[in-house]
Amino acid sequence: ADSNVTGHSLDSRENPRRMDGVESARSKIWESPLKASTSGAVRQLISAAQSSVSVRMRPHGESQRSPEFLGELAVLHPELLRATTMRMVLRRFGSILRHSAGAASTFEMSKPVEVIAKFLSHSWKTPGWLKTIALMYHENVFRATVSAFATAICLHGLEFAGAGVPMPLVGPSYLLGETNMHQLRLDTHFVPPCLVFILVLIFGQEVPGLAQSTCFLDKCCIHQTDQEKKMQGIQQLGGFLRSSHRMVILWQPEYFTRLWCVYELAAFHYINLGVSGLVDLLPLKLPVLALSLFCYHFAATAATVVLGPTLVFSEMHVTWILENVPAALHVPWMFMILSMAMLAFYSIPGFLLWKFCKSHMEDRKMLLKQLRGFRMDLAECQVESDREFIESKLKTWFGGVEEFELVVRNEVAEIAAQQLEDGGPIPWAMLFTASLSHIFMFGSVVVDAVIRSDWPVAAHIALTGIGISCFTDAIAVGVGLRLVDRIPRRWQVGVGKLIGPILLVLTFSFLNGIVLAMMGGAAPWFIVIPVYVVLVFLTWLMSGRWHCLRGGRASRPIGTSQEQSEDSQ
């Protein structure tokens, strides 16, 4: 995963096509979708992530076309080659992304540069708040995660030093032992690190001293009021692309309906031969799903801390189990009680989470449908002369509009489909950051047990925290996202709309109940270890590796009966 915790990478391969045989090589690519899927040029062009899946390629400039091929994409006015920073783009909660209208003041937000780190390709039809959340997550999630862990380490370091910050306790909590019970601390130590995570996620780009990467945003880098400078900036849009190290596509379904968005993607591909720079295809609802998961887990953690000491982990309940339940039934009993408790915890937020899951999966399907059925004549532009200009460029670069459509329908669609399946419905790194509240809660319990030298409790709690934060949550979310695709639409009417949310809540409750029951019921290690081996394997499958067990993913041509069947449904 990238340091920005938003995707997966694919190593670059050399482009096999010679410059003097581009058209003849292209003609061979269209012979079959399987050959198209293995084309070196576009295999490095597309990625689908946070999911944001990024494709690593060779250093910028090594694989660009020779200058004689790029004369029409030259920087005509070096003084107008400008870039802004992500700090400027995200300032005041991304107010600059809310509408396309600009002024002289927005142009002053950019400065003349020689190279641009990121070219932000987007549609102004997309809501500004969606783009803001996605860019905040894309830019700040790594530093937010590090800051949250640093906060937790400082808090517990003060505890070890005897100067701990007191945190509110609802009441004493206890765990079952084989013949006795162990003290358990459930407090609000998880709250400060989670608050730091949110604050840095929103304002991380404002931290003084941090290096600010440059980025191109049309509203800031092309003058919007001086018509002469505006035309000069538009004319050298290819120069902006040529000077950019990477492209970040802020994808929503309306992206491929905008002609200038298509032009930017085509020009970046042509300039770099598909093997230079870095292209991030960022579905904008994926970070929203990740943040909704964070809130979902935070609510469950808070419910555990508040209700646990008075219900499941109360002294009265644990004493009753020791006196009335045989030792062999401790784990089954705790599983039943904990599953019922979590069913109550998860029920209301689970229905809200299902809506985010459904929206994200529908966008994934829409992305592939757009790529496989891509047509230039469906792309919109305000001025018809723009269409003539762009089509003339596509003819020069790809041999014609139809040839470019084939690139998108075959190569780009196939690689996007493969990357989406390889990465799973949501990258594991996103699931890990969404479970931070669980990690900090269990970490607080472990630290308290270590201070009291209660090593059996520390070991059990640490293993439980790892199991829930790294495995069971990932499995439950993976199952839930796949349910969106598997439940027939004819079932999703009336009362049938409840099927998906109920199954999602049951999956969370069942899996987390198993792990917590092994902790609360003092399960022996010969049971714990095999269960964790199964959890690791299931997590591997949910992260997009199921097709590996089926002998790989088969490429299929566009318009097969299966796809037509899906469209008719």
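Provided above is the structure to which this section pertains.
This structure is a prediction, so every number in the text was calculated from the model and none was measured.

*Asks:* Please clarify how the packing of helix α18 (residues 436-451) against helix α19 (residues 455-486) should be interpreted in this entry.
*Replies:* Each pair of packed helices gets described by two things: the angle between the helix axes and the distance between those axes. In the contact formed by α18 and α19, the axes pass within 8 Å of each other and the chain directions differ by 170°. What the angle tells us is that α18 and α19 run roughly antiparallel. Two secondary-structure elements touch here, α18 through His438, Ile439, Phe442, Val445, Val446, Ala449 and Val450 and α19 through Trp455, Val457, Ala458, Ile461, Ala462, Thr464, Gly465, Ile468, Ser469 and Asp473.

*Asks:* How do you make sense of the nonpolar core when you look at a structure like this?
*Replies:* In globular proteins that are soluble, nonpolar side chains generally tend to be buried together. Judged by nonpolar contacts, the single largest core of 78 residues is most densely connected at Phe313, Ile426 and Ile461. Beyond its immediate sequence surroundings of up to four residues, Ile426 is in contact with Leu286, Leu289, Leu293, Leu431, Val477 and Leu481. Counting 65 residues, the second-largest nonpolar core is a separate cluster that includes Leu81, Ala83, Leu281 and Val407.

*Asks:* Got a minute to help me understand the pairing of strand β5 (residues 173-176) in this structure?
*Replies:* Consecutive side chains along a regular strand alternate between the two faces of the sheet. Of the two faces of β5, the one lined by Ser173 and Leu175 and the one lined by Tyr174 and Leu176 are each fully buried. As paired strands, β5 and strand β6 (residues 181-184) are joined by four bridges and run antiparallel to one another. Considered in β6, the bridge of Ser173 is made with Leu184. Here β5 hands over to β6 after four residues, the two strands then running antiparallel side by side.

*Asks:* When you look at the packing of helix α6 (residues 128-160) against helix α12 (residues 285-307) in this model, what are you seeing that I'm missing?
*Replies:* The N-to-C vectors of α6 and α12 enclose an angle of 70°; their axes lie 8 Å apart at closest approach. On the basis of the axis angle, α6 is roughly perpendicular to α12. The two elements α6 and α12 cross, and the hand of that crossing is left-handed. Contacts from Trp129, Leu130, Ile133, Ala134 and Tyr137 of α6 reach α12 at Lys285, Pro287, Val288, Ala290 and Leu291. Of the residues in the contact of α6 with α12, the class split is nine nonpolar, no polar and one charged.

*Asks:* Is there a simple way to think about unusual backbone geometry in this case?
*Replies:* Most peptide bonds take the trans configuration, and most residues that are not glycine carry a negative phi. For Phe93, which is not glycine, the phi torsion reads 55° and is therefore positive. Counting through the fold element by element, Phe93 comes out in helix α4 (residues 86-94). Although it is not a glycine, Ser453 adopts a positive phi angle of roughly 60°. Positionally, Ser453 belongs in the loop between α18 and α19. What makes Ser453 partly exposed here is its relative accessible area of 47%.

*Asks:* What should I look at first to understand a nonpolar patch on the surface in this one?
*Replies:* A surface patch of nonpolar side chains, amounting to about 760 Å² of accessible area, comprises Leu343, Phe351, Trp491, Val495, Leu498, Ile499, Ile502, Leu503 and Leu506. Of all the elements in the fold, those that place two or more residues in the nonpolar patch are α14 (330-372) and α20 (499-520). Here the nonpolar patch takes four residues from α20, the largest share from any one element. Topologically, Trp491 is positioned in the loop between α19 and α20. Owing to a relative accessible area of 46%, Trp491 belongs among the partly exposed residues under this scheme.

*Asks:* Help me understand α6, please; the structure alone is not making it clear to me.
*Replies:* An α-helix turns once every 3.6 residues. As a result, residues three or four positions apart point the same way. Taking 1.5 Å per residue, 33 residues should reach 48 Å; α6 reaches 46 Å between its end C-alpha atoms and fits that length. Roughly 60° is the biggest bend found in α6, and it falls at Asn140. Once α6 ends, the next one or two residues include Gly162, with phi positive near 85°.

*Asks:* For this particular structure, what's the right way to read the pattern of salt bridges?
*Replies:* Side chains bearing opposite charge may pair, as long as their charged atoms lie close to each other. Applying the stated criterion across every chain, the model contains 12 salt bridges. Residue Arg452 is joined to Asp448 by a salt bridge in which the shortest nitrogen-to-oxygen separation is 3.0 Å. Note on Arg452: relative accessible area 32%, which makes it partly exposed. With a shortest N-O distance of 3.7 Å, Asp454 and Arg452 are connected by a salt bridge. Asp454 sits in the buried class, given a relative accessible area of 13%.

About the criteria used
Residues numbered from 1 in each chain as written. Predicted model: local features only at pLDDT ≥ 70, side-chain atom pairs only at ≥ 80, totals over all residues. Heavy atoms only, no water. Axes fitted to C-alpha atoms, helices over the stretch in contact; angles between N-to-C directions. Helix = DSSP H or I, 4+ residues; strand = E, 2+ residues; numbered from the N terminus. Parallel < 35°, antiparallel > 145°, perpendicular 65-115°, else oblique. Contact = heavy atoms within 4.5 Å. Core = buried A, V, L, I, M, F, W, Y, C linked by side-chain atoms within 4.5 Å. Buried < 20%, exposed > 50% of the residue type's maximum accessible area, 1.4 Å probe, protein only. Pairing = 2+ DSSP bridges. Left-handed = near helix turned anticlockwise from the far one by under 90°. Nonpolar A, V, L, I, M, F, W, Y, C, P; charged D, E, K, R; others polar. Patch = residues over 30% accessible without salt bridge, like charges linked within 9 Å, V, L, I, M, F, W, Y side chains within 5 Å. Areas by Shrake-Rupley, 256 points an atom, 1.4 Å probe, with all protein chains shown as cover. Salt bridge = Lys/Arg side-chain N within 4 Å of Asp/Glu carboxyl O. Expected span 1.5 Å × (residues − 1). Bend = angle between axes of the 7 residues up to and from the residue.

The values are spatial; any link to function lies outside them.
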